[in-house]
Amino acid sequence: MKIAPEGAVSIAAAVFMACGAWLISPVLGGIMGLCALFLAWFYREPHVDVPSGPQAFVSPADGKVVEVESADVPFVGNSTKIGIFMTVADVHVNRIPYEGKISFLKYQKGKHLVAFAPKSSEINERLYTGLETKHGNVLLVQIAGLLARRIACRVKVDQFMAKGQAYGMIKFGSKVDVYLPPCVKPIVKIGDRVKAGSSVIGMVLEDEGSDVVEQKNS
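Residues numbered from 1 in each chain as written. Predicted model: local features only at pLDDT ≥ 70, side-chain atom pairs only at ≥ 80, totals over all residues. Heavy atoms only, no water.

(A) Looking closely at the sheet that holds strand 12 (residues 166–170). Here we have three strands laid out as an open sheet, ordered 6-12-10, and antiparallel in their pairing. Unpaired on one side and paired on the other, strand 6 (93–95) and strand 10 (151–153) mark the two borders of the sheet. Neighbour-to-neighbour, the strand axes of the sheet open up by a mean angle of 25°, direction not taken into account. When strand 6 meets strand 12, the two strands line up antiparallel, connected through three bridges. (Pairing = 2+ DSSP bridges. Helix = DSSP H or I, 4+ residues; strand = E, 2+ residues; numbered from the N terminus. Axes fitted to C-alpha atoms, helices over the stretch in contact; angles between N-to-C directions.)

(B) Examining the pairing of strand 7 (residues 100–108) more closely. Taken together, the two bridges between strand 7 and strand 11 (residues 160–161) define a ladder with antiparallel strand orientation. Considered in strand 11, the bridge of Lys 101 is made with Phe 160. Relative to strand 8 (residues 126–133), strand 7 is paired through seven bridges, and the arrangement is antiparallel. Bridging from a neighbouring strand, Phe 104 pairs with Gly 130 of strand 8.

(C) Just the packing of helix 1 (residues 8–24) against helix 2 (residues 26–42), in detail. The interhelical angle for the contact between helix 1 and helix 2, taken along N-to-C directions, is 170°, at an axis separation of 7 Å. Taken together, the axes of helix 1 and helix 2 are roughly antiparallel relative to one another. Contacts between helix 1 and helix 2 involve Ser 10, Ile 11, Ala 14, Val 15, Met 17, Ala 18, Ala 21 and Trp 22 from the former and Pro 26, Leu 28, Gly 29, Gly 30, Met 32, Gly 33, Ala 36, Leu 39 and Ala 40 from the latter. Looking at the contact of helix 1 with helix 2 residue by residue, the class counts come to 13 nonpolar, four polar and no charged. (Parallel < 35°, antiparallel > 145°, perpendicular 65-115°, else oblique. Contact = heavy atoms within 4.5 Å. Nonpolar A, V, L, I, M, F, W, Y, C, P; charged D, E, K, R; others polar.)

(D) Here's a closer look at the sheet that holds strand 3 (residues 56–58). What the three strands build is an open sheet, ordered 3-16-14; its pairing is antiparallel. Edge positions in the sheet fall to strand 3 and strand 14 (184–186), since each has one partner strand and no second. Each strand axis lies, on average, 35° off the axis of its neighbour in the sheet, ignoring direction. Pairing analysis gives three bridges linking strand 14 to strand 16 (residues 200–204), with the strands arranged antiparallel. Residue Val 184 lies in a different strand from strand 16, and its bridge partner there is Val 204.

What follows is the structure, given as structure tokens:
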């Protein structure tokens, strides 16, 4: 398992402080060492097995599904919104739900309410990522939560992304909303636990029945 590049500086700083603190007090050094270990664990970026079936749209985030509802948003139009809440214990690396091209990126300043609150999608700090796929446009919204203070983005406009490829992360508890095009039928419900890049959250209706994709929601 590798460490997400967004955490390299924080982990290195924590290790440096732990070494310095050890020279002053082994107890203090041990506490700082535990902090460094926590950061290394938080910034983990595990390997994921991405479902290869052309029908499958995968989850952009690890966490709990807190919203599944119809929506009408710019760039996608009529769509299905799936909101996924991440606790501090979840992997925070976010992944692309289906292969396509990054169409736009838009950062929006905002508040830092608890990320599972429905209004957080509209008033919290967030980053919009537009993705063009062969099945229609997809909108991804990374939403900073109560503890989150930085949304990290790894992609740029016009970049082609593979399904399941990492595109960024949110540092500490947060939420990701994904708006799926009309031809994609959601197959998750509120309360389900999903894994970024491996759990199937939607299936393309127009190709329904042509392939069998194993759902990996565990």
